[in-house]
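Chain by chain, the residues run as shown.
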Amino acid sequence: MWRNRAAFRLLNIKLVPGAPQQLENRGFKMMASSATATASNIDSNTRGQSTAAAKSLNVKELRQASTAPPSFNIAKMTELLDHDNHEMRKQFREFLSSDDLFIPRYNVSLADEREAALQKLQRICDAKFISVLDFKNNPLRIFAAHELSGIIDGAMATKMTVQFNLFGGTVLKLGTKRHHDKLLAGIDTLEDIGCFGLTELGYGNNAIEMETTATYDKSTQEFIINTPTTLAQKYWITNGAIHAKHIVVFAQLYVDGKHYGIHGVLVRIRDDNMKVMPGVRVEDMGYKIGLNGVDNAKLFFDNVRVPRENLLNRYSDVAEDGSFTTSIESNRKRFLTVADQLLSGRICIASMSQGGSKTALTIALRYAATRLTVGPKGQSDTPILNYQLQQRALLPLLATTYAINFGLDYVKDRWAFQNEDGSEHQEVVTMCCAIKTLAGWNLHDVASTARERCGGQGFLACNGLGIAIASAHASMTAEGDNCVLMQKVAQERLMAFTTLPVDDEKKEDLSDVTYLHNLLKKRENTMFMTLGMKLMAAGKDGRFDTWMYKESDLVQGAARAYGERLVSERFAETISAADASCQDILQQIYHLYLLTVMERNLGWFVTSGTMSVDTGAKVNAAAADACRVIAPQTLNLCEAFAITDSMLSAPIARDWVEYNVRDNQGEVI
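Residues numbered from 1 in each chain as written. Predicted model: local features only at pLDDT ≥ 70, side-chain atom pairs only at ≥ 80, totals over all residues. Heavy atoms only, no water.

A. Representation of the pattern of salt bridges in the model. Applying the stated criterion across every chain yields a total of 39 salt bridges. Among the salt bridges present, the one from Glu492 reaches Lys488, with a minimum N-O distance of 3.5 Å. With Glu492 and Lys488 both in helix α18 (residues 482-495) and 4 residues apart, this pair spans about one turn of that helix. The partly exposed category is assigned to Lys488, whose relative accessible area is 27%. We note a salt bridge from Glu564 to Arg560, for which the minimum N-O separation is 3.0 Å. Highlighted residues: Glu564 and Arg560, both in helix α20 (residues 552-577), separated by 4 residues, approximately one helical turn. Judged by its relative accessible area of 6%, Glu564 is buried. Look at Arg560 and you get partly exposed, because its relative accessible area is 25%. Salt bridges linked by common partners bring Asp82, Asp84, Arg89, Arg93, Glu147 and Lys358 together as one network. (Salt bridge = Lys/Arg side-chain N within 4 Å of Asp/Glu carboxyl O. Helix = DSSP H or I, 4+ residues; strand = E, 2+ residues; numbered from the N terminus. Buried < 20%, exposed > 50% of the residue type's maximum accessible area, 1.4 Å probe, protein only.)

Structure, rendered in structure tokens:
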């Protein structure tokens, strides 16, 4: 009997008379045969002791028992979340689930990790799941590929976004036939891997001040690309350290001593044998805190000469005699045009972030449904998912991830199908900046919270949450620091701001989503009007100090108010168009999302008088109740993400007991 008890202690289950019947709590039930072990099956002197104990805990049965029957059509919910390219997404999931190459390895060298990221991307390209021409033919397909790739490997997805969006998209959109004929086919096959050379050591968000120069030499009809100072080195250049042959160098263009602003020039950095070209210096940036499959580099150019034809000349050109022509009137506008690929890049990053958030939530919630601990009778018979602690930590993030999904879908459509006359462009820019920041911050919150709520298991690399944390930090920084982008959101929104219509007579009712959405509109109105008045009071001379030194919190708050109101608006619209079977659960998720925004900003809503103190005091309880309502459907909602077991790979999202029967060394293969 003591052997029997020892085995069950390994599972944190106490054996008492009638234990199989007592292993039932809040709809959770274990089969009596699974909860009973006999001493004859256990050898306390061998590893068989833990093996037999492990067999007494059936993780799959636990997961099923912790999940209520779906209250909605899961396939219809998946279709709603996927939004577009449904057949491609289905085939891509099957493809990613069928090849062991996509199973992560952890105890690998830096060189092997980089090679694995390249091989994965190569396999995807060979299967033709992404093409640079998708930007013309089916731009939403690009974003779908990024989301699903972000689930598998953040480093590989990062290499993908640089190759196909930043490098390939720039060649496609800024180049002309001479560049397309030379490079587009090789971009798709990875025969021509490239880089995007915008950021410099001294110039990131202020890239318009970069120092790299491209000086035209009429006598040879060449551009001379030069890195004049240490601060001018191209920095954080993805694909540059190992794999790239080409780079689009953004540089200050000079012709006959006259400055024409920033332009993109194609520069060969390696030959076909991958030998670094003369005059080019490449320095490997080495290990990072994550995403080490990405080969980042520092690049220097010592008066490197390239043909005149290497200028990406869709909007501006330099003739043989040095005459400069352009269809864009000012240097600043030319810079915004040549850097425009960052806009679709922000949607790519938001899509990758969404893939990461969905994955981390599925891992954490699946584990919570199968990890047993002490219940009301003092026995380890209760899944931690039943506890309010776990629900209040994870379910608001699940609701937020659903909400951002619908907001991102709208932004993708607005970007892909905007009017060709440019009349919508500025509004789309603002939306892209806002959704990228919200998706990245949400991934940060999801990954960090999921890691903590999974305890020690969350700290194991093989369970995937550390990768999600690193991906979140990359998302928050790449292609525009989130807070800096929010400054842009606030500025652009303020310039175009008109007050949103609100209902001042709306009854305070935390169960009414229209009341809660009305509060979001009031917050946005109040913050932007307050910001506008402060800037007017400061006058032209005091505008910079007010914006940068005195009212940063208000700037950030106003931008976030805009983004969260936009997401809420799109969520409501999505519900009305959703399959009937999904509308009730979506309404519950929407309610929780709105309450989550209220909770996070409760101080502002109450102190501004937008919400009464009495109503504010009830927000926490209302959010907790909303979590309880959704909790039984939690795993069904994760199932709608359509992430296969193979794609998840994390043992705690699958059968973590069986995984620990053997000496696994922290690997999943």
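B. Inspection of the packing of helix α19 (residues 513-550) against α20 at higher detail. Taken N-terminus to C-terminus, the directions of α19 and α20 make an angle of 150°; their axes are 8 Å apart at the nearest point. Classed by the angle they form, the pair α19 and α20 counts as roughly antiparallel. In the crossing of α19 with α20, the sense of the turn from one axis to the other is left-handed. Partitioned by chemical class, the residues of the contact of α19 with α20 number 11 nonpolar, 5 polar and 9 charged. (Axes fitted to C-alpha atoms, helices over the stretch in contact; angles between N-to-C directions. Parallel < 35°, antiparallel > 145°, perpendicular 65-115°, else oblique. Left-handed = near helix turned anticlockwise from the far one by under 90°. Nonpolar A, V, L, I, M, F, W, Y, C, P; charged D, E, K, R; others polar.)

C. A look at helix α21 (residues 580-600). Between its terminal C-alpha atoms α21 stretches 31 Å, which fits the 30 Å expected from 21 residues at 1.5 Å a residue. Bending of α21 peaks at approximately 25° at the position of Leu586. (Expected span 1.5 Å × (residues − 1). Bend = angle between axes of the 7 residues up to and from the residue.)

D. Expanded view of the side chain of His246. Among the secondary structure elements, His246 is positioned in strand β7 (residues 246-255). Within the structure, the side chain of His246 is placed 2.8 Å from the side chain of Asp192, a separation counted as a polar contact. If sequence neighbours within four positions are ignored, His246 has contacts with Phe167, Leu183, Asp192, Ile193, Gly194, Cys195, Val267, Arg268 and Ile269. (Polar contact = N/O pair within 3.5 Å; in protein donor to acceptor, adjacent residues only side chain to side chain. Contact = heavy atoms within 4.5 Å.)

E. Spotlight on the nonpolar core. Residues Met77, Ile124, Phe301, Tyr402 and Leu586 are the most contacted members of the largest nonpolar core, which totals 190 residues. If you tally residues by element for this core, the top one is helix α16 (residues 425-453), at 14 residues. Those residues in contact with Leu586 that sit more than four places away from it in its chain are Met77, Leu80, Tyr402, Phe406, Phe571, Ile575 and Ala578. (Core = buried A, V, L, I, M, F, W, Y, C linked by side-chain atoms within 4.5 Å.)

F. Structural detail: the packing of helix α8 (residues 110-126) against helix α11 (residues 154-174). α11 packs onto α8 with a crossing angle of 60° between their chain directions and a minimal axis gap of 9 Å. Our classification of the angle between α8 and α11 gives oblique. With respect to the hand of their crossing, α8 and α11 are arranged in right-handed fashion. Taken together, the residues of α11 that come into contact with α8 (itself represented by Ala117, Leu118, Lys120, Leu121, Ile124 and Cys125) are Met156, Lys159, Met160 and Phe164.

G. Quick look at a nonpolar patch on the surface. Nonpolar side chains collect at one region of the surface, where Phe544, Met548 and Tyr549 lie side by side and expose about 360 Å² of accessible area between them. Mapping Met548 onto the fold places it in helix α19. (Patch = residues over 30% accessible without salt bridge, like charges linked within 9 Å, V, L, I, M, F, W, Y side chains within 5 Å. Areas by Shrake-Rupley, 256 points an atom, 1.4 Å probe, with all protein chains shown as cover.)

H. Examining unusual backbone geometry more closely. Although it is not a glycine, Leu190 sits at a positive phi angle of roughly 70°. Structurally, Leu190 can be placed in the loop between α12 (177-189) and β3 (194-197).

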